[in-house]
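Descriptive structure summary
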Amino acid sequence: MAIVASLPTPGLNLFSSLPLGKDPTASSSPSPPPPPPPIPIPKYPPPLKKSKNSANPAFKIPHLRTKYYKPVKDGGGVIASDGDRSVLVGDSGVSYLLPGAPFEFQFSYSETPKVKPLAIREPAFLPFAPPTMPRPWTGKPPLKTSKKKIPVFDSFNPPPAGKKGVKYVEMPGPYPFGKFPEEGKSREEILGEPLKTWEIKLLIKPHLSDNRQVNLGRDGLTHNMLELVHSHWKRRRVCKVRCKGVPTVDMDNVCRHLEEKTGGKIIHRVGGVVYLFRGRNYNYRTRPQYPVMLWKPAAPVYPKLIQEAPEGLTKAQADEFRKKGKNLLPICKLAKNGVYITLVRDVRAAFEGSPLVKVDCKGMEPSDYKKLGAKLKDLVPCVLLSFDDEQILMWRGQDWKSMYPEARPSISFPAELDIASGSDDSGKSDDDCDNSDAKIVSSSPKMMLLWKHALESNKAILLDEIDLGPDALLTKVEEFEGISQATEHSYPALVMSSEDGSSNSISTFEDDSHSENFSEDDMYSDDEYYDSESFEELETSAPPGSLSIDLIAEKLDKK
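Report on the accompanying structure. Residue indices follow the written sequence of each chain, beginning from 1 at its first position. This being a predicted model, a pLDDT of at least 70 is required before a residue's local features are given, and a value of 80 or more before pairs of side-chain atoms are given or counted; all residues contribute to the totals for chains, interfaces and linings. Side-chain measures were taken over the full set of non-hydrogen atoms in the model, leaving aside hydrogen atoms and water.

What counts as a ring pair is set by centres within 6.5 Å for rings of Phe, Tyr and Trp (its six-membered ring), and what kind of pair is set by the plane angle: stacked under 30 degrees, edge-to-face over 60, tilted for all other angles. A full pass over the atoms with the stated rule returns 10 aromatic pairs. Seen from their ring centres, tyrosine 96 and phenylalanine 128 are 6.1 Å apart, and the 90° between their planes marks the pair as edge-to-face. Taken as a pair, tyrosine 96 in strand E4 (residues 93–97) and phenylalanine 128 in the loop between strand E5 (119–120) and helix H2 (187–191) lie far apart in primary sequence, 32 residues in all. Relative to tyrosine 282, the ring of tryptophan 233 has its centre 5.5 Å away and its plane inclined at 70°; by these criteria the two rings are edge-to-face. Here tryptophan 233, found in helix H4 (residues 224–233), pairs with tyrosine 282, found in the loop between strand E9 (273–277) and helix H6 (315–326); they are 49 residues apart in sequence, far enough to count as distant. Judged by its relative accessible area of 1%, tryptophan 233 is buried. In this description a helix means any DSSP run of H or I spanning at least four residues, a strand means any run of E spanning at least two, and both kinds are numbered starting from the N terminus. Any residue under 20% of the maximum accessible area for its type is buried, any over 50% is exposed, and the rest in between are partly exposed; the area is computed with a 1.4 Å probe on protein chains only.

This next bit is on helix H5 (residues 251–262). Residue pairs spaced three or four apart in an α-helix point in one direction, given the helix's 3.6 residues per turn. The terminal C-alpha atoms of H5, which comprises 12 residues, lie 16 Å apart, in line with the 16 Å expected from a rise of 1.5 Å per residue. Burial within H5 is extensive, with nine of its 12 residues counted as buried. Along H5, the residues classified as buried are Met251, Asn253, Val254, Cys255, His257, Leu258, Glu259, Lys261 and Thr262. In what follows, a contact means two residues having at least one pair of non-hydrogen atoms within 4.5 Å. On the buried face of H5, the contacting elements are H2, strand E6 (214–216), H4, strand E7 (238–243), strand E8 (265–270) and E9. One or two steps after H5, the chain reaches glycine 263, where phi turns positive at roughly 85°. Given a helix with a known number of residues, its expected span is that number minus one, times 1.5 Å.

So, about the sheet that holds strand E10 (residues 356–360). Spatially, the three strands line up as an open sheet ordered E10-E12-E11, and their pairing is antiparallel. What marks the edges here is a single partner per strand, and that holds for E10 and strand E11 (383–386). Geometrically, the sheet is characterised by an average inter-axis angle of 30° between neighbouring strands, direction not taken into account. Alignment of E11 against strand E12 (residues 391–395), held across three bridges, turns out to be antiparallel. Looking at the pairing, valine 383 lines up with tryptophan 395 of E12. Angles here are taken between N-to-C directions and fall from 0 to 180 degrees, while the axes themselves are lines fitted to C-alpha atoms, restricted in helices to the stretch in contact. The sheet strands contacting helix H7 (residues 343–351) are E10 and E12, and the helix crosses E10 at an angle near 145°. Relative to E12, helix H8 (residues 366–379) is tilted by about 20°, and along the sheet it contacts E11 and E12. Two strands pair if DSSP finds at least two bridges between them.

Here a salt bridge means any side-chain nitrogen of Lys or Arg lying within 4 Å of a carboxyl oxygen belonging to Asp or Glu. For the coordinates displayed, the defined rule picks out 16 salt bridges. When the shortest N-O distance is used, the salt bridge between aspartate 252 and arginine 269 registers 3.2 Å. Linking aspartate 252 in helix H5 with arginine 269 in strand E8, this pair joins segments that are 17 residues apart in sequence. We classify arginine 269 as partly exposed; its relative accessible area is 39%. What you see here is one network of salt bridges that share partners, running through Asp219, Lys296 and Lys371.

What follows is about the nonpolar core. Remark: nonpolar core denotes a set of buried residues (Ala, Val, Leu, Ile, Met, Phe, Trp, Tyr, Cys) joined through side-chain atoms within 4.5 Å. Ranked by internal contacts, the top residues of the largest apolar core, which has 34 residues, are Tyr96, Phe105, Phe128, Leu216, Leu221, Val241 and Val274. Looking at this core, the elements that each hand over two or more residues are strand E3 (85–90), E4, E6, H4, E7, H5 and E9. Other than its neighbours up to four places away in sequence, valine 241 contacts Val214, Leu216, Leu258, Gly272, Val273 and Val274. Counting 22 residues, the second-largest nonpolar core is a separate cluster that includes Val246, Leu343, Val357 and Leu372.

Now for the sheet that holds E3. Strand order in the open sheet formed by three strands is E2-E3-E4, and the pairing between neighbours is antiparallel. Where the open sheet ends on each side, the last strands, each with one partner, are strand E2 (77–82) and E4. Neighbour to neighbour, the strand axes of the sheet diverge by 20° on average, direction disregarded. Alignment of E3 against E4, held across five bridges, turns out to be antiparallel. Looking at E4, one finds that leucine 88 is bridged to serine 95.

For the bond running from glycine 173 to proline 174, omega is 0°, close enough to zero to count as cis. Its place among the elements puts proline 174 in the loop between E5 and H2. Across the junction of valine 380 and proline 381, the peptide omega takes the value -15°, indicating a cis bond. Note that proline 381 resides in the loop between H8 and E11. One non-glycine residue with positive phi stands out, namely aspartate 389, at about 55°. Structurally, aspartate 389 can be placed in the loop between E11 and E12. Positive phi outside glycine occurs at glutamate 390, with the angle close to 55°. Along the chain, glutamate 390 falls in the loop between E11 and E12.

The structure is reproduced here in structure tokens:
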């Protein structure tokens, strides 16, 4: 009962959160006020009112999910302009023209589709800061003015060695002996004389194991990367650019845009890594100034890559190809953010054996493998059938041509050298010649080169008579083995072409050569010297113990 005695007076309700009922025993006196809350209620400032005087259209950007769709005219051209600043639509997509710019600015220079856009997804306005803005908008308030006087150096006025508070700056150059830096405005003047091999090795060596680089991703060479490359060139002569993802399918295109837009020179390339040289006469102060894009513009609407009835196919044929493609094994599996330098070559090689080719892209973003399909369509070329199950299914098309020659050049021996056939070709009819020419075998250039070398060295001969019996084919093989062994010996060996041994291949060759009235000038070249005694030695076999194998055997026996 001690606990009950310690409770407060019966006039106070312990369960104040519950609804209070009427108590007849309660007095008519007013109840005391409730205790204050333990945490005070915060007082927030009133919401900021949006200024109605902001005339910049950048602040009126529609939401990304809005269904804004404005078709583009066939000729393209200017779709919006503000004085000298205008927005253009052409073959290279949406571009922006500013006064004094060296070229038309784009969000991405290397990853723009080669087809004309159909419409734009947002109102046309420039993604740059307005000219009335005192400084480029970075999302932060301006820094306070520093009291320290920081010395500014450029490539023509580097800081002295050992000076504190200054970052490392590479000297301009390198220059040939007796030459000095010169002020240049054009790209050729800034690059100077071409680099030599030892100079390239000297410039690249410190960058091989360095992580100071510019990463080029799925968007390719974007506009803001131009200023980033120049910031690397401010302190180093070479800028290392590492490319990954979709742009690596066509590295030549990336390298071409890098050199054109930055003004540098690619001096080395390994896989997806590119080394960009700034030039012998580069000066950071006189470099071209590029405005920074403040946001990524929305991509325009392009034609669909996958069509129900692609070019050269009906809808039923396309559906049949797609059905076969489900059971087709992919030629490779692409990793996310990988290097796809050999992808075009692999697809072309796969089309040599199959009209359908499939590439596995599981784990990649849908936009990535769709961009890959668009690039393969132009580079291989091929016809895209589907992107189902994160896989690219392609057909080689009706205009496909093999990489290897379809017809093999005919190689024939003269009648006197055709030991395998044993007869001349004079008795052949025209029909036989037509049938022999109709036998076409497709082979690779490397295989054709090996065939020619084997035929010239008498290690292989062509059999025009394919329908030979087993006994006749075995006879030809035995005769050919004897000929090939004769060409391998250091001394002329006697080869019997018949069972009785009445004649050999050399004597037969001599008899046929006299019948054809060949002269010595036609048979032998002037560079070689032949002795008359050597022809007499051909009629007899080599003396025992004079071959090279016999000399080796004698040395082994002595040991």
